[in-house]
Amino acid sequence: MKKHSGGLGKFLNEVTQSADKNGDDDTEEIVYIDIDKLETNPRNFYGIRQVEELAGLIAVSKLIEPLLVSKKSDGKYKIISGHRRRAAVQKLLEDGVYTERKLPCIIKAPAKIKIEQENGDAVEFDEDAVEMLNLIASNRGQREERTPEEKLQEIKYLERFAKAIYNQKNRGTRGRFVNFFAEEILNISKSQLLRINSLSKLTPKVQQALADKKISETAAMEMTSMEADEQDNCLSKILSGEIKGTVQAVQKYKLSKSEIAERTETLPQKKFVPSLEKNIVSRITDVPEEIDDPQKEAEEWFYQEKLSFYEKIYAEAKRLSEEEHSELKAAQWGIRASVARYNIEELKLQHKN
């Protein structure tokens, strides 16, 4: 996979160089603030997970990475980054294994950002928007694992910011926005961005199961093309153990519901059928003069013809997924190609056995 440099932090630092700051308490110096003065951020959408593990590390090492906070008018501080650290220290205090109530913090002053556009306009981000940018940038840099829902929320908040940067005056040569957004802002590939966006089509139940790791992300992606009731029904069968929570199992479930058959009726068959018919006619007339086992020869012939048909469908779907300009259509052709590829492997496995 292509490695991307910079990412959100790079551009956030770049545009905040000339940000209008409200107050003079923005500093990179570490100050120690009592835990009771540190309040959770109501706009934080990241889950507070693995608190006990972090508490154990803090108890042993006595080290806490500084929290990023903003000062409130009542003298308290709102956490921008560090909710899990605060929760871990609070647990240690409640358990009586830690006595230090002051946590290291870096205070971030409220700021506004104005980004001049190529067309002469300017896009402004108020203090709340800038705070969210800092919240997301900090959490993306510190969290090794984020749920699909958290990733979707990141994309939702960052897209407007990314468009402003993309259209920034004197930005220089630009490729397609989706590539810029994925590679330069999110620091992921375009295909990863498309996959994450597709997960927004999942029902709440399936999204929760994915967050709880009861199904794989690839299996969840396979469910995005299903109707809501079928998604929940498929999930129910997975949770009950009737089918496995894998992409192959979901594909089989979809096939059993005749979704692929229904789609095939709407596909242009002329691309595949004539060449297949011509090939069949050729092979029928080319019957060997001596056949030791006619039944076996006929079964092998049928397998080869079916395999050839499936491989042509796969090749065409793969080609269209690579050449299609529409991101949505390209993603759908990619899914069709994966379904065709799965059926090819299934056919080979059946033939082998």
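S.K.: Describe in detail the overall build of the chain, supporting the description with residues and values.
M.R.: Within the chain, the regular secondary structure consists of 15 helices and eight strands. Burial status across the chain gives 39% buried among its 353 residues. Considering only residue pairs separated by 6 or more positions, the chain has 70% of its internal contacts joining residues 24 or more positions apart. Carbon together with sulfur atoms contributes 49% to the accessible area of the chain, which is approximately 20,900 Å² in total.

S.K.: Give a description of the packing of aromatic side chains that names residues and reports values.
M.R.: A complete count under the given rule lists eight aromatic pairs for this structure. An aromatic cluster of at least three residues, connected via ring pairs, comprises Tyr166, Phe177, Phe180 and Phe181. Positioned over the ring face of Trp333 is Arg336, at 4.7 Å from the centre of the ring. We note Arg341 situated over the ring of Tyr314; from NZ or CZ to the ring centre the distance is 5.3 Å.

S.K.: Outline helix H2 (residues 51–61), listing residues and values.
M.R.: Of all the residues in H2, the buried ones are Val51, Leu54, Ala55 and Ile58. For H2, the angular spread of the buried residues around the axis is 105 degrees, confining them to a single face. Exposed side chains of H2 directed beyond 90 degrees from the buried face belong to Glu52, Leu57 and Val60. Of the surrounding elements, those touching the buried residues of H2 are helix H3 (83–95).

S.K.: Let's hear about the sheet that holds strand E6 (residues 102–107): which residues, and what values?
M.R.: Judged by pairing direction, the sheet is mixed, and its five strands sit side by side in the order E2-E6-E4-E5-E3 without closing on themselves. Since the sheet does not close on itself, it has two edges, and those belong to strand E2 (31–34) and strand E3 (38–39), each with one partner. Where E2 lies against E6, four bridges are found, and the strand directions are antiparallel. Within E6, the position partnered with Val31 by the bridge is Cys105. Sheet strands touched by H3: E3, strand E4 (67–71), strand E5 (77–81) and E6. Its angle to E5, the strand with the most contacts, is close to 115 degrees. Contacting E4 and E5, helix H4 (residues 127–142) crosses the sheet at an angle of about 50 degrees to E5.

S.K.: A description of the pattern of salt bridges should follow, citing residues and the corresponding values.
M.R.: On inspection of all chains with the given rule, the structure shows 17 salt bridges. Glu124 serves as the salt-bridge partner of Lys114, at 3.7 Å between the closest nitrogen and oxygen. Taken together, the residues Lys114 in strand E7 (residues 111–116) and Glu124 in strand E8 (residues 122–125) connect sequence positions 10 residues apart. Across the pair, Glu124 and Lys114 agree in class, each one exposed. Across the pair Lys237 and Glu242 runs a salt bridge, and its minimum N-O distance is 3.3 Å. Taking relative accessible area as the criterion, Lys237 reaches 21% and is therefore assigned partly exposed. What emerges from the salt-bridge pattern is a single network uniting Glu39, Lys72, Asp74 and Lys76.

S.K.: Break down the packing of helix H8 (residues 204–211) against helix H10 (residues 228–240) for me, with residues and values.
M.R.: Packed helix pairs are characterised by how far apart their axes lie and by the angle those axes make with each other. H10 packs onto H8 with a crossing angle of 40 degrees between their chain directions and a minimal axis gap of 8 Å. Between H8 and H10, the angle falls in the class oblique. Contacts between H8 and H10 pair Lys205, Val206 and Ala209 from the former with Gln231, Asp232 and Leu235 from the latter. Looking at the contact of H8 with H10, its residues break down into three nonpolar, one polar and two charged.

S.K.: For the pairing of E4, give the residues involved together with the corresponding values.
M.R.: Burial analysis of E4 places four of its five residues in the buried class, the great majority of the element. In the sheet, E4 pairs with E6 via three bridges, with the strands oriented parallel. Pairing of Leu67 across the sheet is with Cys105, part of E6. Relative to E5, E4 runs antiparallel, the two sharing four bridges. Within E5, the position partnered with Leu68 by the bridge is Ser81. Counting the residues that bridge the hairpin from E4 to E5 gives five residues, and of these Gly75 lies at a positive phi of roughly 90 degrees.

Rules of the game
Residues numbered from 1 in each chain as written. Predicted model: local features only at pLDDT ≥ 70, side-chain atom pairs only at ≥ 80, totals over all residues. Heavy atoms only, no water. Helix = DSSP H or I, 4+ residues; strand = E, 2+ residues; numbered from the N terminus. Buried < 20%, exposed > 50% of the residue type's maximum accessible area, 1.4 Å probe, protein only. Contact = heavy atoms within 4.5 Å. Areas by Shrake-Rupley, 256 points an atom, 1.4 Å probe, with all protein chains shown as cover. Phe/Tyr/Trp six-rings, centres within 6.5 Å; stacked < 30°, edge-to-face > 60°. Lys NZ or Arg CZ within 6 Å of the ring centre and 35° of its normal. Arc of directions from axis to C-beta. Pairing = 2+ DSSP bridges. Axes fitted to C-alpha atoms, helices over the stretch in contact; angles between N-to-C directions. Salt bridge = Lys/Arg side-chain N within 4 Å of Asp/Glu carboxyl O. Parallel < 35°, antiparallel > 145°, perpendicular 65-115°, else oblique. Nonpolar A, V, L, I, M, F, W, Y, C, P; charged D, E, K, R; others polar.

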